[in-house]
Amino acid sequence: MREVTIVEAVRETLAYEMARDERVMVLGEDVGKTGGVFRATDGLYETFGRDRVFDAPLAESAIIGSAIGLAVSGMIPIAEIQFMGFTHNAMNQIAEHLARMRYRSWGSMPLPVTIRTPYGGGVRAPEMHSDAFEAFFTHCPGLKVVAPATPADTKGLLLSAIRDPDPVMVLEPLRGYRLIKGEMPDGEYTVPIGKAHVAREGADCTIIAWSAQVEVAKRAAEEADKQGVSVEVVDLRTLVPMDMETVCESVAKTGRVVVLQEANKTSGFAAEVIASIHEDDDCFYALKAPMVRVCGPDTPYPVQYFEEEYLVTPDKALRAVLKTVNA
Amino acid sequence: MKTMPNQIDFGGVLVDAPPPVQLLDTAGNLRADQPPMTDEQAMEGLRALLLGRRFDELCILLQRRGQMVTLAPGIGQEACTVGSAMALRRDRDWFIPQYREAAGQLYHGLPLVQAFLWHMGSPIGFAIPEGVKMMPFNAGVAGHVPHAVGIAWGLKQQKKDGVTIAHFGDGATSQGDFYEAANLAGVVKAPVILFCQNNEWAISTPRSLQSAAPTLAQKAAAFGIPGIQIDGNDLFAVYEVTRRAVERARAGEGPTLIEALTYRLGIHTTADDASRYEPSHLKEDWKDRDPILRLQRHLERRGTWNANIGEAMEAEVKAQLDAAWADAQASPIPNIGESFTKVFAEMTPRLREQQAQAEGHDA
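For clarity, every value in this text was computed on a predicted model and none was experimentally measured.

Details of helix H14 (residues 314–325) of chain A
Residues and elements named next belong to chain A.
In step 1: When the terminal C-alpha atoms of H14 are compared, their 16 Å separation across 12 residues agrees well with the 16 Å that a helix rising 1.5 Å per residue should span.
In step 2: Taken together, the buried positions of H14 are Ala-317, Leu-318, Ala-320, Val-321 and Thr-324. Projected down its long axis, H14 carries its buried residues within an arc of 160°, all on one side. Of the exposed residues in H14, the ones pointing more than 90 degrees away from its buried face are Arg-319 and Lys-323.
In step 3: Elements in contact with the buried residues of H14: strand S10 (205–209), helix H9 (213–226), strand S11 (231–235), strand S13 (257–264) and strand S14 (292–296).

See the structure below:
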């Protein structure tokens, strides 16, 4: 166990798996000599060489499209999309080909491809560099989506993603890259895809969150404590497939639900969480109050000037908790 | 083989003909001193062209009878897919189709029964049998080109012997995926052949509206790779130029773009009505340039083919098609529940629940 940042966890996990399995390779923009714009691949080029740490032309569709072919040929590619906003350029390859190939080929052509991308805003980056639209990807049948919140989960889920026989999208909390520190186990360590985690126990209300919102939820929970409200935080960790068992256990216990979502509200993943709870009889009848989601507003991600107001904050989350508790 | 008239530089390799490269003219005259393949191979090629043609014709008929789904036949373009497939080695070279390449896919090892099942809308038609170096047909346009480049690149990285060919049309050369993939192929020197069948039409959009570039082959210059225009209705030219591109790829010299001039003698798909946009004389003009007629004319001159042999070949192809069609109809019909097992290696809890619902086991 050592304390590391998220970005260190990513880097060490990539190096670990590349050393273990020579089929594993990294491709993306600026992943080579410069080690990635966030340094998530720092040092890999020197250790594993140009062929396995490939500085790709600036063409996201070709990065994902060629990763599909690389996987068919027997490689295990990890594609980095430099910022989540740029995944739009590769959407056809992700949604129409990567996610569907196992199904299209009736099981004959599985694609062990991992896509890593920084997720979310809050670092005063330019437009298209702060997006958090996980719902585009959770809506693609055939694609798994994970969104770790801690260095340990980043390692464990990234390692599971690389080894998964199917494509996995790993959303890495951009503003947590250096901000979030935590203990990370050394050596072999995986976290199963599809398992949520109770990040904080509580009795009165459940906050469901993922990625950077887990930290927001925990801070809101601390504030709520001071006001005599005990909040449980469920870190989903994996969005697809979602761990309804852990969610329902918590909902059955607290009877109140707040979902945090950095992305804008309409058609976001929080709606999926709430609908899934609603559809589950045990969950639904355990509810004591209407469920609440705290999301970004339905504007595009704003310029830096409005960024703080756009984001979900512990204060906004706290208000939602108090609203459901007092409902 | 002996040289052809004139020589052009084909990325360091000299191709002995002015573009578009043609080795057999419409009348079946050989425009080189020697054919690029033996008469036996040419007869095998002819049979593959015929199988592809009759397969497509039969499928259109069956579609009109309601026994098949919307499909895109390759009538008139068979020499492109068969000739290029003949330049590959089935056990290690990859054939990546778009959706109009049944003739070449059958030659490269797709079982005929599966081709029928594919057009029947059965998922089994899309399953790639073990050992067949092919991806399932792709109903989009150009999305498979980066896959072909990725496979070629991966083979090279793993020092595996093998090249990849991607087939696509003139419309695909307007797609970003074509540019991105061809560009990447040039950078990594992927052993890939980008084979564009310019059949003059992208549904109703004519070649003239697709690009102001005088040829599509010249787009290769932007990627730093050789591009060459060939007569796509000439099995010999397709075979020979693809063979040379394969040689280049295997020698580590990277990708080649081939633009094969051909014509859609059939239809875009069974859902299309070309009479709304296609001047009727064009098809008539191209009928005499039919790749099958041309090869027959040539082989007739060489004494290898005659009307009797042709009839026997037709009968043989028909018997093969009838047998496979019967097999396809007798194939087990997959259950929708099975489809839930094809999304991931392991079903998610939700898929399991939905499978149970679909199979009527659960409310």
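A short note on the pairing of S13 of chain A
Residue and element names in this part refer to chain A.
In step 1: Among the 8 residues that make up S13, 7 are buried, leaving the element largely enclosed by the rest of the structure.
In step 2: As paired strands, S10 and S13 are joined by 3 bridges and run parallel to one another. Across the sheet, residue Ile-208 finds its bridge partner in S13, namely Val-259.
In step 3: In terms of strand pairing, S13 meets S14 through 5 bridges, oriented parallel. Its bridge partner lying in S14, Val-259 is registered against Arg-293.

Thoughts on the sheet that holds S11 of chain A
Residue and element names in this part refer to chain A.
In step 1: Strands sit in the order S9-S11-S10-S13-S14 across an open sheet of 5 strands; the sheet is mixed. A single partner strand is all that each edge strand has here, and the edge strands are strand S9 (197–200) and S14. The sheet shows a mean angle of 25° between the axes of neighbouring strands, direction not considered.
In step 2: Here 3 bridges tie S9 to S11, and the two strands are oriented antiparallel to one another. The partner of Val-198 across the bridge, within S11, is Val-234.
In step 3: H9 contacts S9, S10, S11 and S13 of the sheet and is inclined by roughly 170° relative to S11.

As for the packing of helix H5 (residues 145–157) of chain B against helix H6 (residues 176–188) of chain B
In a packed pair of helices, the relevant descriptors are the angle between the two axes and the axis-to-axis distance.
Residues and elements named next belong to chain B.
In step 1: One can describe the packing of H5 onto H6 by two numbers: an axis separation of 8 Å at closest approach and a directional angle of 15°. By the angle class used here, H5 and H6 are roughly parallel. Every pair of crossing elements has a handedness; the one defined by H5 and H6 is left-handed. For the pair H5 and H6, the contacting residues are Val-145, Pro-146, Val-149, Trp-153 and Lys-156 in the first and Asp-177, Ala-181, Leu-184, Ala-185 and Val-188 in the second.
In step 2: For the contact of H5 with H6, the class distribution of residues is 8 nonpolar, no polar and 2 charged.

Regarding the domain arrangement of chain A
A common way to report how large an interface is uses the accessible area buried once the components associate.
Residue and element names in this part refer to chain A.
In step 1: Examined at the domain level, chain A breaks down into domain 1 (2–184) and domain 2 (197–325).
In step 2: For domain 1 and domain 2, the distance between their C-alpha centroids amounts to 26 Å.
In step 3: For the interface between domain 1 and domain 2, the tally reads 2 salt bridges.
In step 4: In this structure, the connection of domain 1 to domain 2 is made through 13 residue pairs in polar contact (both at pLDDT 80 or more).
In step 5: Class assignment for the residues of the side of domain 1 that touches domain 2 results in 14 nonpolar, 5 polar and 6 charged.

Here we look at the packing of aromatic side chains
Residues and elements named next belong to chain B.
In step 1: With the rule as written, the count across this model stands at 21 aromatic pairs over all chains.
In step 2: Between Phe-168 and Phe-178 the ring centres are 5.4 Å apart and the planes differ by 50°, which places this aromatic pair in the tilted class. Pair noted here: Phe-168 is in strand S4 (residues 164–169) and Phe-178 is in helix H6, with a separation of 10 residues, a long-range link.
In step 3: Owing to a relative accessible area of 1%, Phe-168 belongs among the buried residues under this scheme.
In step 4: With relative accessibility at 0%, the residue Phe-178 sits in the buried group.

Describing the sheet that holds S4 of chain B
Residue and element names in this part refer to chain B.
In step 1: Overall, parallel pairing links the 5 strands, which are arranged S3-S4-S5-S9-S8 in an open sheet. Each edge of the sheet is formed by a strand with only one pairing partner; in this case those strands are strand S3 (94–96) and strand S8 (227–231). This sheet shows a mean twist of 20° between the axes of neighbouring strands, independent of strand direction.
In step 2: As paired strands, strand S5 (residues 192–198) and strand S9 (residues 256–261) are joined by 6 bridges and run parallel to one another. Across the sheet, the residue bridging to Asn-198 is Leu-261, located in S9.
In step 3: Sheet contacts for helix H9 (residues 235–250): S4, S5, S8 and S9; angle to S8, the most-contacted strand, approximately 160°.

Points about the packing of helix H3 (residues 60–73) of chain A against H6 of chain B
In step 1: Between H3 of chain A and H6 of chain B, the shortest axis-to-axis distance is 9 Å and the interhelical angle comes to 70°. With respect to H6 of chain B, the element H3 of chain A is oriented roughly perpendicular. Relative to H6 of chain B, the crossing made by H3 of chain A is right-handed. Residues Glu-60, Ser-61, Ala-62 and Ser-66 of chain A of H3 of chain A touch H6 of chain B, and the partners they reach there are Asp-177, Glu-180, Ala-181 and Leu-184 of chain B.

Details of the pattern of salt bridges
In step 1: By the definition in use, this model includes 41 salt bridges over all chains.
In step 2: Here Glu-17 of chain A ties to Arg-163 of chain A by a salt bridge, and the two come within 2.9 Å at their closest N and O atoms. Taken together, the residues span a long stretch of sequence, with Glu-17 of chain A in helix H1 (residues 6–20) and Arg-163 of chain A in helix H7 (residues 151–163) at a distance of 146 residues.
In step 3: Residue classification places Glu-17 of chain A among the buried residues on the basis of a relative accessible area of 1%.
In step 4: When the shortest N-O distance is used, the salt bridge between Lys-318 of chain B and Asp-322 of chain B registers 2.8 Å. Placement of both Lys-318 of chain B and Asp-322 of chain B in helix H12 (residues 307–330) is noted, with a separation of 4 residues, approximately one turn of the helix.
In step 5: Each of Arg-89, Asp-91, Arg-92, Asp-93, Asp-161 and Arg-250 of chain B takes part in one network of salt bridges that share partners.

Notes on the domain arrangement of chain B
In step 1: Along its sequence, chain B is carved into domain 1 (8–332) and domain 2 (336–363).
In step 2: Computed over C-alpha atoms only, the centres of domain 1 of chain B and domain 2 of chain B are separated by 38 Å.

What about the interface of chain A and chain B?
In step 1: In this assembly, 40 residues from chain A lie in contact with 39 residues from chain B.
In step 2: Across the chain A/chain B interface, buried area totals approximately 3200 Å², and carbon plus sulfur atoms make up 68% of it.
In step 3: It is Ser-73, Arg-104 and Trp-106 of chain A in chain A that bury the most area against chain B; as a group they hold 22% of the surface buried on that side.
In step 4: Summed over the shared surface of chain A and chain B, the result is 1 salt bridge.
In step 5: One can count 16 residue pairs in polar contact (both at pLDDT 80 or more) joining chain A with chain B.
In step 6: Every element with two or more residues in the side of chain A that touches chain B is listed here: strand S2 (24–28), H3, helix H4 (91–98), helix H5 (101–104) and helix H11 (269–279) of chain A.
In step 7: At 10 residues, H3 of chain A tops the list of elements feeding residues into the side of chain A that touches chain B.
In step 8: Classifying every residue of the side of chain A that touches chain B gives 18 nonpolar, 14 polar and 8 charged.

About the thresholds
- Residues numbered from 1 in each chain as written.
- Chains lettered and ligands numbered in written order.
- Predicted model: local features only at pLDDT ≥ 70, side-chain atom pairs only at ≥ 80, totals over all residues.
- Heavy atoms only, no water.
- Helix = DSSP H or I, 4+ residues; strand = E, 2+ residues; numbered from the N terminus.
- Expected span 1.5 Å × (residues − 1).
- Buried < 20%, exposed > 50% of the residue type's maximum accessible area, 1.4 Å probe, protein only.
- Arc of directions from axis to C-beta.
- Contact = heavy atoms within 4.5 Å.
- Pairing = 2+ DSSP bridges.
- Axes fitted to C-alpha atoms, helices over the stretch in contact; angles between N-to-C directions.
- Parallel < 35°, antiparallel > 145°, perpendicular 65-115°, else oblique.
- Left-handed = near helix turned anticlockwise from the far one by under 90°.
- Nonpolar A, V, L, I, M, F, W, Y, C, P; charged D, E, K, R; others polar.
- Domains from an automatic or database assignment.
- Salt bridge = Lys/Arg side-chain N within 4 Å of Asp/Glu carboxyl O.
- Polar contact = N/O pair within 3.5 Å; in protein donor to acceptor, adjacent residues only side chain to side chain.
- Phe/Tyr/Trp six-rings, centres within 6.5 Å; stacked < 30°, edge-to-face > 60°.
- Buried area = accessible area lost by both parts, 1.4 Å probe.

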